[in-house]
Amino acid sequence: MRGVLLTAAAGLALAAFSAGCAPTYVYNPANYAKEYDPRKHEYTIGVGDQIRINVWRMADLSSEALVRADGVITMPLIGDVYVAGRTPTQVREELKKRLSEFVKDETAVITVAVTGINSYRFVVSGNVSRAGIFASNYFVSVSEALALAGGPNQFASTDQILLIRMDSPGKFRHIPINYDEIASRKRPEQDLVLKAGDTVFVP
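Residues numbered from 1 in each chain as written. Predicted model: local features only at pLDDT ≥ 70, side-chain atom pairs only at ≥ 80, totals over all residues. Heavy atoms only, no water.

1. Describing the overall build of the chain
Of regular secondary structure, the chain possesses four helices and 12 strands. Per-residue burial over the chain gives 43% buried out of 203 residues. Within the chain, counting contacts between residues at least 6 apart in sequence, those at least 24 apart form 57% of the total. Of the accessible surface of the chain, which amounts to about 11,000 Å², a share of 54% is contributed by carbon and sulfur atoms. (Helix = DSSP H or I, 4+ residues; strand = E, 2+ residues; numbered from the N terminus. Buried < 20%, exposed > 50% of the residue type's maximum accessible area, 1.4 Å probe, protein only. Contact = heavy atoms within 4.5 Å. Areas by Shrake-Rupley, 256 points an atom, 1.4 Å probe, with all protein chains shown as cover.)

Here it is, written out as structure tokens:
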């Protein structure tokens, strides 16, 4: 289910445009074909996601957990495990290592599955009908994000849209998007799939 999520994260995302935050911005013409496409990578777990952990033949160690705001889940026996920003494979390897201190059975196979996606959020701001933070349980492109926000309004400069992407903490990159060229199918490669945390800004 999708919708506008008016959470505290909105202030963080939209504050990137204010002088007070002073993040580092890098403007580089994009090589759209080389931009990160989350559809081609293993899912990255985030805050709010629901995870199912199964330890084969050890039902008492299996559990379902919600990723807390601090990025942590709590498991039987081993306690807190930090999972936000990791893939299910990475979490499985961490759990395997942690559980090996208590479980000596070599056949104790661990599986990690994401059963509920709640961390895929992005911002659409500027000259659109309904600016805000949006969430989706499937990956969304730039044009789909704009549609969720009601589309550009009459004041929008649709040929000067920016996709603001954080490459590392505090460092944001501006990717120029010409929505007119997407709509006309002249440059469809600009219709990038959003990463969690991206901002689409319509001047």
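Resuming the write-up.
2. Looking at the pairing of strand β12 (residues 199–202)
The pairing of strand β8 (residues 121–126) with β12 spans four bridges and is classified as parallel. Considered in β12, the bridge of G126 is made with V202. Bridging between strand β10 (residues 161–168) and β12 involves three bridges; their strand directions are antiparallel. Within β12, the residue paired with L162 across the bridge is F201. (Pairing = 2+ DSSP bridges.)

3. Quick word on the pattern of salt bridges
Inspection of every chain in the model, using the stated rule, returns 10 salt bridges. Residues R68 and D80 are paired through a salt bridge, measuring 3.8 Å at the closest nitrogen-oxygen approach. One end of the pair, R68, is in the loop between β4 (63–66) and β5 (72–75); the other, D80, is in strand β6 (residues 79–82), with 12 residues separating them in the sequence. With a relative accessible area of 32%, R68 lands in the partly exposed category. The salt bridge involving E189 is made with R187; its shortest N-O contact spans 2.3 Å. The exposure class assigned to E189 is partly exposed, which follows from its relative accessible area of 35%. (Salt bridge = Lys/Arg side-chain N within 4 Å of Asp/Glu carboxyl O.)

4. A short note on the sheet that holds strand β7 (residues 110–116)
Pairing within the open sheet is antiparallel, and its three strands lie in the order β4-β3-β7. With partners counted over all chains shown, the strands left at the sheet margins are β4 and β7, one partner each. Strand-to-strand, the axes of this sheet are offset by a mean angle of 25°, without reference to chain direction. When strand β3 (residues 50–55) meets β7, the two strands line up antiparallel, connected through six bridges. (Axes fitted to C-alpha atoms, helices over the stretch in contact; angles between N-to-C directions.)

5. Here we look at the packing of aromatic side chains
According to the stated counting rule, one finds three aromatic pairs in the structure shown. Where Y120 meets F139, the ring centres are 5.1 Å apart and the plane angle is 90°; that geometry is what we call edge-to-face. Taken together, the positions of Y120 in the loop between β7 and β8 and F139 in the loop between β9 (132–135) and α3 (142–148) put the pair 19 residues apart, joining distant regions of the chain. Classification of Y120 as buried rests on a relative accessible area of 3%. (Phe/Tyr/Trp six-rings, centres within 6.5 Å; stacked < 30°, edge-to-face > 60°.)

6. Remarks on the side chain of R173
Inspection of the secondary structure assignment puts R173 in strand β11 (residues 171–177). Relative accessible area serves as the criterion here: at 16%, R173 is assigned to the buried category. At 2.7 Å, the side chain of R173 forms a polar contact with the side chain of E35. (Polar contact = N/O pair within 3.5 Å; in protein donor to acceptor, adjacent residues only side chain to side chain.)

7. Regarding the confidence of the model for the chain
Per-residue pLDDT for the chain has a mean of 87; in total, 85% of the residues score no lower than 70. Under a pLDDT of 50 for its full length, residues 1–20 has, in the predicted model, 31 contacts with residues more than four places off or in other chains. (pLDDT = per-residue confidence, 0-100.)

8. A closer look at the nonpolar core
Nonpolar side chains in soluble globular proteins tend to be buried together. Core analysis: the largest hydrophobic core is formed by 23 residues, its most contacted members being F122, V124 and I177. At the level of elements, β8, α3, β10, β11 and β12 are the ones that each hand at least two residues to this core. Among all residues touching I177, those that are not within four sequence positions of it are Y32, V142, T158, D159, Q160, I161, L163, I182, Q190 and L192. Within the second largest apolar cluster, 20 residues are counted, among which are I45, V67, I73 and L95. (Core = buried A, V, L, I, M, F, W, Y, C linked by side-chain atoms within 4.5 Å.)

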